[in-house]
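Secondary and tertiary structure notes
In case you want the letters, here they are:
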Amino acid sequence: MTSRRHFLFNLAITMIPWLSLLFIGKRSIKRYSFAGIFIVIFEIINHLYGHKRKWWKFYDKRKSFIKDELPFSVGPYMPLSMWLLKFSYGNFKKFVLLNVIADGLFAFLFIDVLKKLKIISLNRLNHFQFFLYLHYKAYLLYGVQYLIEKYRLSRYRVL
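A brief report on the enclosed structure follows. For clarity, every value in this text was computed on a predicted model and none was experimentally measured. (Residues numbered from 1 in each chain as written. Predicted model: local features only at pLDDT ≥ 70, side-chain atom pairs only at ≥ 80, totals over all residues. Heavy atoms only, no water.)

Right, let's talk about the nonpolar core for a bit. Residues Trp56, Leu85, Phe95, Leu114, Ile120 and Phe130 are the most contacted members of the largest nonpolar core, which totals 36 residues. The set of elements that each furnish at least two residues to this core consists of helix H1 (4-20), helix H2 (26-53), strand S1 (56-58), helix H3 (70-88), helix H4 (92-116), strand S2 (120-122) and helix H5 (127-158). Here this core takes nine residues from H5, the largest share from any one element. What phenylalanine 95 contacts, discounting residues up to four positions off in sequence, is Leu84, Leu85, Ser88, Ala138, Leu141 and Tyr142. (Core = buried A, V, L, I, M, F, W, Y, C linked by side-chain atoms within 4.5 Å. Buried < 20%, exposed > 50% of the residue type's maximum accessible area, 1.4 Å probe, protein only. Helix = DSSP H or I, 4+ residues; strand = E, 2+ residues; numbered from the N terminus. Contact = heavy atoms within 4.5 Å.)

For the rest of this paragraph, the subject is a positive patch on the surface. On the surface, a cluster of positive charge is made up of Arg5, Lys57, Lys61, Lys63, Lys115 and Lys118. Structurally, arginine 5 is set in helix H1. (Patch = residues over 30% accessible without salt bridge, like charges linked within 9 Å, V, L, I, M, F, W, Y side chains within 5 Å. Areas by Shrake-Rupley, 256 points an atom, 1.4 Å probe, with all protein chains shown as cover. Salt bridge = Lys/Arg side-chain N within 4 Å of Asp/Glu carboxyl O. Lys, Arg positive; Asp, Glu negative; His and termini not counted. Charge placed at Lys NZ, Arg CZ, Asp CG, Glu CD.)

Here we come to the pattern of salt bridges. A side chain with one charge may pair with a side chain of the opposite charge, provided their charged atoms come close. What the rule picks out here adds up to four salt bridges. Among the salt bridges present, the one from lysine 137 reaches glutamate 43, with a minimum N-O distance of 2.8 Å. On the criterion of sequence distance, the pair formed by lysine 137 in helix H5 and glutamate 43 in helix H2 is long-range, its members being 94 residues apart. What makes lysine 137 buried here is its relative accessible area of 1%. Note on glutamate 43: relative accessible area 0%, which makes it buried. For aspartate 68, the salt bridge identified is with lysine 67, shortest N-O distance 2.9 Å. When salt bridges that share partners are traced, they join Asp60, Lys67 and Asp68 into one network.

Here is the structure:
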């Protein structure tokens with residue numbers, strides 16, 4: 001049984017990031033959505049692996065990937081990825097810096113807040129390992145977007 005606190009938290013981390021996309025603009029949604037979808041699928045695979053390895057622990061007794069890890073994948077990952085690409089694509093140093101800040105805040109501060117709220121805590125990873133787990137996907141996201149831009153540009157030149 002999911003606690004009320006956990007349910008409300010899942011609802012918030014799923015809805016708030018998606019609602020923020022109302023302000024990103026249609027053009028940005030169209031431009032960055034494929035890379036966002038790719039990173040969500042990749043993150044779900046990562047979460048399944050981390051779930052199997054017991055890298056983190058959810059406090060609710062009934063363990064379920066759908067109520068525990070999936071809201072983290074579906075909620076903030078795609079919208080945050082799209083916002084980061086919007087604000088920094090084309091400037092790799094800025095992209096890395098923004099990702100270091102976002103991933104660092106989550107890995108070093110927010111995860112402790114979630115532990116105090118008795119939602120999740122790290123189990124077999126320390127904060128720095130968790131940061132690396134979060135951060136390495138930023139380079140993959142940028143690379144996928146780079147390939148998409150390269151493909152669109154080459155297709156445009158042919159027409």
